[in-house]
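# Tertiary structure, described
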Amino acid sequence: MFTQVNPKFNIYTSDEFANFYQNKKPKRKFDITTYRYHQQEDLSVNAKVKIGLGATIGTIIPMAILAKTQKRNMFKLHFGLKEMVATSLGSIVGGVASGLMVDKKEYKKHKIDEGVFQFLNASIPPLLVLPTIKGCEKVKSLNNITAKAITTVGVLFGGMKVAANLSNLINDPKDIEPDRKLTLKDAIANIDDALGIFVLAKMPFAKHLHVEKLLPAIYAWCGYRAGESN
């Protein structure tokens, strides 16, 4: 004689069947890492290496062109606004292109969207800081390191906000998907995208830390992050 089956019985929650299945992979915690990498699914080591290689090549190509133009060693370039935009664009295109080749097709739009966000986040703050710093230099009370540093930080976070809003407009013009919000945590996670503004602002610590020499590596890292985003 068969007993009546409990309609609420679920093999996925029942202790009797706990050893016969594997739990689904838990969702990523929404912490600083989630903000930084924007990944739903981990990539294989092989895929990560290829994306890193693509981002690196994408960074080196504009650097080689700039070195020829400036008649300098490729690793001793002077980085102004144009150089920053060109290098960041190359790295992001390289990272996204390699990511599209090694990752699932369903993540294509995610990577392109992230590439747009990373590029705008790397170029808009520097674009805004130049006229701001020049404005400070014309006002006697603001023409000092402290005032310039505070102004630069303000422009940095303000520029990131503008970049986030513009990327939402470009990536989702019909406003179908939820906007990518830029919180303080997100801004901190992506602050390396805009380190170039400290070079443009001629902050003493940037010169002391040789930030200008680190910019190619920073941009390559941004390209890598865009390429592995899914």
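Quick note: structure is the one above.
Residues numbered from 1 in each chain as written. Predicted model: local features only at pLDDT ≥ 70, side-chain atom pairs only at ≥ 80, totals over all residues. Heavy atoms only, no water.

This brings us to the packing of helix α4 (residues 108-138) against helix α5 (residues 145-171). One can describe the packing of α4 onto α5 by two numbers: an axis separation of 7 Å at closest approach and a directional angle of 145°. Crossing of α4 against α5: the hand is right-handed. When the residues that make up the contact of α4 with α5 are grouped by side-chain class, the tally is 17 nonpolar, seven polar and four charged. (Axes fitted to C-alpha atoms, helices over the stretch in contact; angles between N-to-C directions. Helix = DSSP H or I, 4+ residues; strand = E, 2+ residues; numbered from the N terminus. Left-handed = near helix turned anticlockwise from the far one by under 90°. Nonpolar A, V, L, I, M, F, W, Y, C, P; charged D, E, K, R; others polar.)

With that settled, consider the nonpolar core. Proteins that are soluble and globular tend to have nonpolar side chains buried together. The biggest cluster of nonpolar side chains holds 28 residues, and the ones touching the most others in it are Leu-77, Met-84, Val-129, Phe-198 and Leu-215. Mapped onto this core, the elements with two or more residues apiece are α2 (45-70), α3 (81-102), α4, α5, α7 (196-200) and α9 (211-228). Residue contributions to this core peak at five residues, all from α9. Dropping the residues within four chain positions of it, Phe-198 is found in contact with Thr-152, Leu-156, Met-203, Phe-205 and Ala-206. Counting five residues, the second largest nonpolar core, distinct from the first, contains Ala-47, Ile-51, Ala-55 and Tyr-224. (Core = buried A, V, L, I, M, F, W, Y, C linked by side-chain atoms within 4.5 Å. Buried < 20%, exposed > 50% of the residue type's maximum accessible area, 1.4 Å probe, protein only. Contact = heavy atoms within 4.5 Å.)

Although it is not a glycine, Lys-71 adopts a positive phi angle of roughly 55°. For Lys-71, the location among the structural elements is in the loop between α2 and α3. Classification of Lys-71 by relative accessible area gives exposed; the value is 77%.

This part takes up the packing of aromatic side chains. Enumeration over the complete set of coordinates arrives at one aromatic pair. When the centroid spacing of 5.3 Å and the interplanar angle of 20° are considered together, the rings of Trp-221 and Tyr-224 count as stacked. Of this pair, Trp-221 and Tyr-224 both sit in helix α9, three residues apart, roughly one helical turn. Assessed through its relative accessible area of 33%, Trp-221 is described here as partly exposed. Tyr-224 sits in the buried class, given a relative accessible area of 12%. (Phe/Tyr/Trp six-rings, centres within 6.5 Å; stacked < 30°, edge-to-face > 60°.)

Turning to α5, a few remarks are in order. With 27 residues, α5 ought to run about 39 Å at 1.5 Å a step, and its terminal C-alpha atoms sit 38 Å apart, in line with that. Every buried residue belonging to α5 is among Ala-147, Lys-148, Thr-152, Val-155, Leu-156, Gly-159, Met-160, Ala-163, Ala-164, Ser-167, Asn-168 and Asn-171, and all of these are buried. (Expected span 1.5 Å × (residues − 1).)

We now examine the side chain of Ser-98. Considering the arrangement of structural elements, one finds Ser-98 in helix α3. With residues near it in sequence (within four places) discarded, Ser-98 still touches Lys-50, Ile-51, Gly-54 and Ala-55.

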